[in-house]
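# Chains, contacts and geometry: an overview
Take a look at the letters that make up each chain.
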Amino acid sequence: MNKLGEKIKRVKGNIESACGRVDRDPAKITLVVVTKSTTIENIQKVIRLGCTELGENRVQRLKKVSAQISELVKTDSAVSKEPNWHMIGHLQRNKVHQVLPVTSLVHSVDTLRLTEEINTVAVKLGIRPRVLLQVNTSKEPQKYGVPVGAATHLAEQIETMGNLELAGMMTMAPLTRNKDVIKACFARARELFEEIKGERIVGPKFTELSMGMSSDYEIAIEQGSTILRIGSAIFSG
Ligand SMILES: *Cc1c(COP(=O)(O)O)cnc(C)c1O
């Protein structure tokens, strides 16, 4: 097996082990392969290896790479279907119209104004995009995301919009080696996620909790994550 294949296998093995520790089903965890720092060639390789969910954090690159991959996949007999693209980075309102046509899930919705723009563009395009509410659980001022205390209210407001589907929540842990800090942050996210679900202000489709990157995905699984966003553990080194 090639190097990328081995790395993916290792990540999947770690996902299974973490699931085993907390009695979760690995089949219910989605691996989004974050391709922002790799080549088109490598992206095609991971698609051939069976990865169907891919993530980018910048609009320009997402547009370019998804178009290139779309062309390549058409003539690639080893690939049966186009990948789904996830927008995982900060999204500006004036770029919404470029993102919606190429993404299956926007992880980074964190203001009412952004949500309104997504709803407006969705009406024009005749689509109903799935979005996640990005919550700032690390309390780092430079991070994007709605503050924990304002999240329930924003979820409530998003729920009233007809042309998008609030599919869950996303969060990022702070950049630290301190596992207790990361764990506390993910635990806070899980608690908030359950709280919003329990309030019944959101529909039954509020099911996804996107948390966990290369350095902390095993902790995230233990804390209830359903979507992992992993880049460097697959592509670097
Ligand atoms: C880059 C990025 C990731 C992946 O990070 P790695 O540490 O490379 O796994 C996940 N989420 C977001 C929002 C990112 O920008």
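Predicted, not measured: the structure shown is a model, and the values here were computed from it.

## Comments concerning the overall build of the protein chain
A tally of helices and strands in the protein chain yields 9 helices and 9 strands. Based on the C-alpha atoms only, the size of the protein chain along its principal axes is roughly 50 × 45 × 30 Å. Residues counted as buried form 49% of the 237 residues belonging to the protein chain. The contacts in the protein chain between residues at least 6 apart in sequence include a share of 63% that link residues at least 24 apart. Roughly 11,800 Å² of accessible area belongs to the protein chain as shown, and the carbon and sulfur atoms make up 49% of that amount.

## Considerations on the site of the ligand
Taken together, V34, K36, N57, I88, M172, M213, S214, R229, I230, G231 and S232 make up all the residues around the ligand. For the ligand, an oxygen atom lies 2.7 Å from a polar atom in the side chain of K36. Within the backbone of S232, one N or O atom sits 2.8 Å away from an oxygen atom of the ligand. About the coverage of the ligand: the protein hides 87% of its 390 Å² of free accessible area.

## Description of the layout of surface pockets
One way to see where empty space is left: roll a probe the size of a water molecule over the atoms. By volume, the largest pocket is sized at about 580 Å³. Together, 26 residues line the largest pocket, and K36, N57, I88, G89 and H90 are the ones closest to its centre. At the level of secondary structure, the elements contributing two or more residues to the lining of the largest pocket comprise helix 3 (59-74) and strand 9 (227-230). Of the residues that constitute the lining of the largest pocket, the class distribution is 10 nonpolar, 11 polar and 5 charged.

## Observations regarding the nonpolar core
Counting 65 residues, the largest nonpolar core has V46, L133, M169, I196 and I234 as its most contacted members. Here this core takes 7 residues from helix 7 (residues 179-198), the largest share from any one element. Once residues lying within four places of it in the same chain are set aside, the contact partners of M169 are L132, L133, V135, A189, L192, F193, I196, F206, E208, L209 and S210. In terms of nonpolar packing, the next biggest core, distinct from the first, is built from 6 residues, L105, L132, M170 and I227 among them.

## Observations concerning the packing of aromatic side chains
Counted under the stated rule, the structure contains 1 aromatic pair. Judged by centre distance (5.3 Å) and plane angle (25 degrees), the rings of F193 and F206 are stacked. Separated by 13 residues along the polypeptide, F193 in helix 7 and F206 in the loop between helix 7 and strand 8 (208-210) bring together distant segments of the chain. A single burial state applies to F193 and to F206, both of which are buried.

## Brief notes about the pairing of strand 9
Residue alternation in strand 9 divides its side chains into two sets, I227 and R229 and L228 and I230, and both sets are buried. Pairing between strand 1 (residues 30-34) and strand 9: 4 bridges, direction parallel. Pairing of L31 across the sheet is with L228, part of strand 9.

## Details of a negative patch on the surface
Taken together, the side chains of E156, E191, E195 and E199 present a region of like negative charge at the surface. By secondary structure assignment, the location of E199 is in the loop between helix 7 and strand 8.

## Describing helix 7
An α-helical turn contains 3.6 residues, so any two residues separated by three or four positions project in the same direction. Helix length check: helix 7, at 20 residues, gives a terminal C-alpha distance of 28 Å against a target of 28 Å (1.5 Å per residue), a fit within 8%. Among the residues making up helix 7, those that are buried are I182, C185, F186, A189, L192, F193 and I196. The buried residues of helix 7 all sit within an arc of 120 degrees when viewed along its axis, so they share a single face. Counted as exposed and oriented over 90 degrees from the buried face of helix 7: K179, D180, E191 and G198. Taken together, the buried residues of helix 7 touch strand 5 (130-136), helix 6 (148-159), strand 7 (165-171), strand 8 and helix 8 (217-222).

## Overview of the packing of helix 6 against helix 7
Helix packing for two helices is described by the angle between their axes and how far apart those axes are. Helix 7 packs onto helix 6 with a crossing angle of 30 degrees between their chain directions and a minimal axis gap of 11 Å. Our classification of the angle between helix 6 and helix 7 gives roughly parallel. Relative to helix 7, helix 6 is oriented so that their crossing is right-handed. Residues V148, A151, T152 and A155 of helix 6 pack against R188, L192, E195 and I196 of helix 7. In terms of residue class, the contact of helix 6 with helix 7 is made up of 5 nonpolar, 1 polar and 2 charged.

Conventions adopted
- Every chain is numbered on its own, with residues counted from 1 as its sequence reads.
- Per-residue local features are limited, in this predicted model, to residues with pLDDT of at least 70; the limit for side-chain atom pairs, both in listing and counting, is 80 or more; totals at the level of whole chains, interfaces and linings are taken over all residues.
- Each side-chain value is worked out from all heavy atoms of the structure, with water and hydrogens disregarded.
- Where helices and strands are cited, they refer to DSSP runs of H or I of at least four residues and of E of at least two residues respectively, numbered from the N terminus.
- Working definition: with a 1.4 Å probe on protein chains only, accessible area under 20% of the residue-type maximum means buried, over 50% means exposed, and in between means partly exposed.
- Between two residues, a contact is recorded if the distance between any of their heavy atoms is within 4.5 Å.
- The Shrake-Rupley method, run with a 1.4 Å probe sphere, supplies the accessible areas, and residue values consider only the shown protein chains as cover.
- Consider each residue's heavy atoms; a residue with any of them within 4 Å of a molecule or strand counts as near.
- Residues adjacent in sequence count toward polar contacts only when both atoms are side-chain atoms; beyond that, a polar contact is any pair of N or O atoms within 3.5 Å, and within protein one must be able to donate a hydrogen and the other to accept it.
- Two kinds of site are reported from a 1 Å grid over the protein atoms alone, namely cavities, where a 1.4 Å probe fits but cannot get out, and pockets, open sets with protein on both sides within 12 Å along at least five of seven lines, and residues are called lining when an atom falls within 4 Å of a point.
- Grid points are joined across faces, edges and corners, and a volume is the space filled by probe spheres set on the points.
- Just so you know the grouping, Ala, Val, Leu, Ile, Met, Phe, Trp, Tyr, Cys and Pro go in nonpolar, Asp, Glu, Lys and Arg go in charged, and all remaining residues, Gly too, go in polar.
- Note on terminology: a nonpolar core comprises buried Ala, Val, Leu, Ile, Met, Phe, Trp, Tyr and Cys residues joined through side-chain atoms within 4.5 Å.
- Stacked, tilted and edge-to-face are the three classes applied to pairs of Phe, Tyr and Trp rings, where Trp contributes its six-membered ring and a pair requires centres within 6.5 Å; stacked means planes under 30 degrees apart, edge-to-face means over 60, and tilted covers the rest.
- Each pair of strands is called paired provided DSSP finds at least two bridges between the two strands.
- Each patch is built from residues lacking any salt bridge and having more than 30% relative accessible area; the joining distance is 9 Å for like charges and 5 Å for nonpolar side chains (Val, Leu, Ile, Met, Phe, Trp, Tyr).
- For salt bridges, the criterion is a side-chain nitrogen of Lys or Arg within 4 Å of an Asp or Glu carboxyl oxygen.
- In this tally, Lys and Arg are treated as positive and Asp and Glu as negative; His is ignored, and so are the chain termini.
- Charged groups are reduced to one reference atom each: NZ for lysine, CZ for arginine, CG for aspartic acid, CD for glutamic acid.
- Given the number of residues in a helix, its expected span is that number minus one, multiplied by 1.5 Å.
- What the arc covers is the set of directions going from the helix axis to the C-beta atoms.
- To obtain each axis, a line is fitted to C-alpha atoms, and for helices this fit is confined to the stretch in contact; angles are then taken between N-to-C directions over 0 to 180 degrees.
- Angle categories are assigned with fixed cut-offs, so that under 35 degrees is roughly parallel, over 145 is roughly antiparallel, 65 to 115 is roughly perpendicular, and the rest are oblique.
- By definition, any crossing whose near helix is turned counterclockwise from its far helix by less than a right angle is left-handed, and any crossing with a clockwise turn is right-handed.

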